Amino acid sequence: MSDTVLDRAAAPRPTPKPGILDIACYVPGKSKVEGIAHPLKLSANENILGCSPAAKDAFAGAVDLLHMYPDGRTTILRTAIAEKYGLAPEQLIFGCGSDEIFQLLNQAFLEPGDNIVQGEFGFGAYAIGARACGAQVKFAKEINHRIDVEALLEQVDARTRLVFVANPGNPTGTWITGEEVRRLHAGLPASVILVLDGAYAEFVADPSFEDGMSMVAEFENVVVTRTFSKLHGLAALRVGWAYMPAPIADALDRIRLPFNVNIPAQLAGVAALGDDEFQTRSLALIEQWRPWLTQQLGGIGLDPVPSAANFVLVGFPKTPGKTAREAEAYLASKGIIVRGVGGYGLPDHLRITIGLEEHNRAVAEALAAFMAA
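Residues numbered from 1 in each chain as written. Predicted model: local features only at pLDDT ≥ 70, side-chain atom pairs only at ≥ 80, totals over all residues. Heavy atoms only, no water.

> What is the right way to look at the overall build of the chain in this model?
When helices and strands are tallied, the chain shows 13 helices and 13 strands. Taking 21 Å as the expected radius of gyration for a compact globule of 373 residues, we find that the chain reaches 22 Å, a close match to that expectation. When its C-alpha atoms are laid out on the principal axes, the chain stretches across 70 × 55 × 50 Å. Looking at the chain as a whole, 52% of its 373 residues qualify as buried. Taking as baseline every contact in the chain between residues at least 6 positions apart, the subset at least 24 positions apart corresponds to 73%. For the chain, the computed accessible surface area is about 17,300 Å², with 57% contributed by carbon and sulfur atoms. Looking at charge distribution, the chain has the averaged site of its 32 positive side-chain charges lying 5 Å from that of its 42 negative ones. (Helix = DSSP H or I, 4+ residues; strand = E, 2+ residues; numbered from the N terminus. Rg over C-alpha atoms; globule rule 2.2 N^0.38 Å. Buried < 20%, exposed > 50% of the residue type's maximum accessible area, 1.4 Å probe, protein only. Contact = heavy atoms within 4.5 Å. Areas by Shrake-Rupley, 256 points an atom, 1.4 Å probe, with all protein chains shown as cover. Lys, Arg positive; Asp, Glu negative; His and termini not counted. Charge placed at Lys NZ, Arg CZ, Asp CG, Glu CD.)

Quick look at the structure:
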């Protein structure tokens, strides 16, 4: 055996760069219960009505296009979104879910030693992407599970490059007003990008809420992201988009992988965007049953957090036999899957997606029996 072969055999194995193996994997909501063939899944904030019939037809109509690469510029969806919301099409970026856009932002603007700032209960994808870039993650304390502007600003330092705010938040469902968003932005250095994650923005009806789209035209350091996964019910197709200043869009476009939004997703997205009737029904369902479920759970001694999203975060006692973990197991035994959020630092809470009337009543009845036992 040659010296070269011996040297290769003795060489160390490939090793990920420092910090990668310290990142905890993202754990999605459960979707199965052992022994139950068709459980009720209320763990992932999916649209319980499914998706627009027009989107289904558009998806099915793409069957003869599966051999083709998609349009890398996502032109049809870009045009539809720009027209619907009155946005500049060249300032839109599309991704495989908004998660990919968060990663593109981290990749484009973070170097080792930089940091991002987010609320203590912020969506896990922000931190995963930042740590993958060798950056640090700074968490700001929340008050009553709600973003605190001053706490966020206190965490910002000379190495902060991005501040992530989900509005409404996930997994909390709480939100901050347009005045608070603008106060946060006013307190940031011009070099820091404020990222407003609007995955659940469509569910907020309060007039004091501001989604941030107009701020993109006013400022050079605001990015707003949206998704087709929640209101539009296209979670399986992974379609996210963002509106941002042209220089930031240009930077992201240079590192975005080609063909990242497939043809069926683009076609279904356009159809879903145009189906106002389905969107209205979806919002009406949440508006009717979110307060009802909140009231019911509060009435049996639980602590639901006021929500503006399509789910409710519910606090449980620490008393043995009544804990969130035990409640999750009890609901699973009844064929109901909800989301434990211990990984978000909320071990005493469960997140429950709003379902149809019979689903919400089943949850309320099951938890009433659990608490009474």
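> What should I look at first to understand the pattern of salt bridges in this one?
Pairing between side chains of opposite charge can happen when their charged atoms approach one another. Inspection of every chain in the model, using the stated rule, returns 21 salt bridges. Arg73 serves as the salt-bridge partner of Asp253, at 2.6 Å between the closest nitrogen and oxygen. Here the residue Asp253 occupies a position in helix H9 (residues 246-255), and Arg73 occupies one in the loop between helix H2 (53-60) and helix H3 (75-85), the gap between them amounting to 180 residues. The exposure class assigned to Asp253 is partly exposed, which follows from its relative accessible area of 24%. The partner of Asp253 in a salt bridge is Arg256, and the shortest N-O contact between them spans 2.9 Å. Take Arg256: its relative accessible area is 15%, and that puts it in the buried class. (Salt bridge = Lys/Arg side-chain N within 4 Å of Asp/Glu carboxyl O.)

> I would appreciate a short explanation of the environment of Gln103 in the present structure.
Position of Gln103 relative to the elements: it lies in helix H4 (residues 97-109). Residue Gln103 is classed as partly exposed on the basis of its relative accessible area, which comes to 29%. Separated by 34 residues in sequence, Gln103 and Tyr69 place their C-alpha atoms 23 Å apart. Each residue touching Gln103, except ones within four places of it in the same chain, is listed here: Gly129 and Cys133.

> For this particular structure, what's the right way to read the packing of aromatic side chains?
When we look at a pair of aromatic rings, we describe it by the centre distance and by the angle of the planes. A full pass over the atoms with the stated rule returns 11 aromatic pairs. Measuring from centroid to centroid gives 6.0 Å for Phe102 and Phe164, while their planes differ by 90 degrees, and the two rings are edge-to-face. Taken together, the residues Phe102 in helix H4 and Phe164 in strand E5 (residues 160-166) connect sequence positions 62 residues apart. For Phe164, a relative accessible area of 1% corresponds to the buried category. (Phe/Tyr/Trp six-rings, centres within 6.5 Å; stacked < 30°, edge-to-face > 60°.)

> Mind showing me how you'd approach the packing of H3 against helix H10 (residues 263-274) here?
In a pair of packed helices, the angle between the axes and the distance between the axes together describe the arrangement. Taken N-terminus to C-terminus, the directions of H3 and H10 make an angle of 20 degrees; their axes are 8 Å apart at the nearest point. The orientation of H3 relative to H10 falls into the category roughly parallel. Along this stretch, H3 crosses H10, giving a crossing that reads as left-handed. Judged by residue contacts, Thr75, Ile76, Leu77, Ala80, Ile81, Lys84 and Tyr85 of H3 engage Gln266, Leu267, Gly269, Val270 and Leu273 from H10. (Axes fitted to C-alpha atoms, helices over the stretch in contact; angles between N-to-C directions. Parallel < 35°, antiparallel > 145°, perpendicular 65-115°, else oblique. Left-handed = near helix turned anticlockwise from the far one by under 90°.)

> Please explain the sheet that holds strand E9 (residues 303-304) as it appears in this structure.
For sheets, the rule is that strands pair by backbone hydrogen bonds, running either parallel or antiparallel. What the four strands build is an open sheet, ordered E9-E10-E13-E12; its pairing is antiparallel. Whereas interior strands pair on both sides, the edge strands pair on one side only; in this sheet they are E9 and strand E12 (339-341). Two strands pair when backbone bridges link them, and E9 and strand E10 (residues 311-315) are joined in this way by two bridges, in the antiparallel orientation. Bridge pairing in E10 links Asp303 to Gly315. Strands in contact with helix H11 (residues 276-299) are E9, E10 and strand E13 (346-353); relative to E10, the strand with the most contacts, it is inclined by about 10 degrees. (Pairing = 2+ DSSP bridges.)

> Would you mind going over the pairing of E13 with me for this structure?
It is a general feature of regular strands that their side chains alternate between the two faces of the sheet. Counted residue by residue, E13 has six buried out of eight residues, so it is predominantly covered. Sheet topology places E10 next to E13; five bridges connect them, and they run antiparallel. The residue of E13 that forms the bridge with Val312 is Ile352. Pairing analysis gives three bridges linking E12 to E13, with the strands arranged antiparallel. Within the sheet, the bridge partner assigned to Arg339 lies in E13 and is Arg351. In textbook terms, the turn of a hairpin is the stretch between consecutive antiparallel strands, and for E12 and E13 this stretch comprises four residues, one of which, Gly345, has a positive phi near 80 degrees.

> How should the environment of Gly342 be read in this particular structure?
Looking at the element boundaries, Gly342 is found in the loop between E12 and E13. Judged by relative accessible area, Gly342 falls into the partly exposed class, the value being 43%. Considered as a pair, Gly342 and Ala324 are 18 residues apart in the sequence and their alpha carbons are 9.3 Å apart.

> Any chance you could explain unusual backbone geometry here in plain terms?
That bond from Asn167 to Pro168 is cis: its omega, 0 degrees, falls within 30 degrees of zero. Tracing the chain through its elements places Pro168 in the loop between E5 and helix H7 (178-186). Look at the link from Asn170 to Pro171: it is a cis peptide, with omega at 20 degrees. Inspection of the secondary structure puts Pro171 in the loop between E5 and H7. With a phi angle near 65 degrees, His145 is a residue other than glycine that sits in the positive phi range. Relative to the assigned elements, His145 resides in the loop between strand E4 (136-140) and helix H6 (149-155). Taking the relative accessible area as the measure of exposure, His145 reaches 18% and is therefore buried. One non-glycine residue with positive phi stands out, namely Phe259, at about 60 degrees. Relative to the elements of secondary structure, Phe259 occurs in the loop between H9 and H10. Overall, Phe259 belongs to the partly exposed group, its relative accessible area being 40%.

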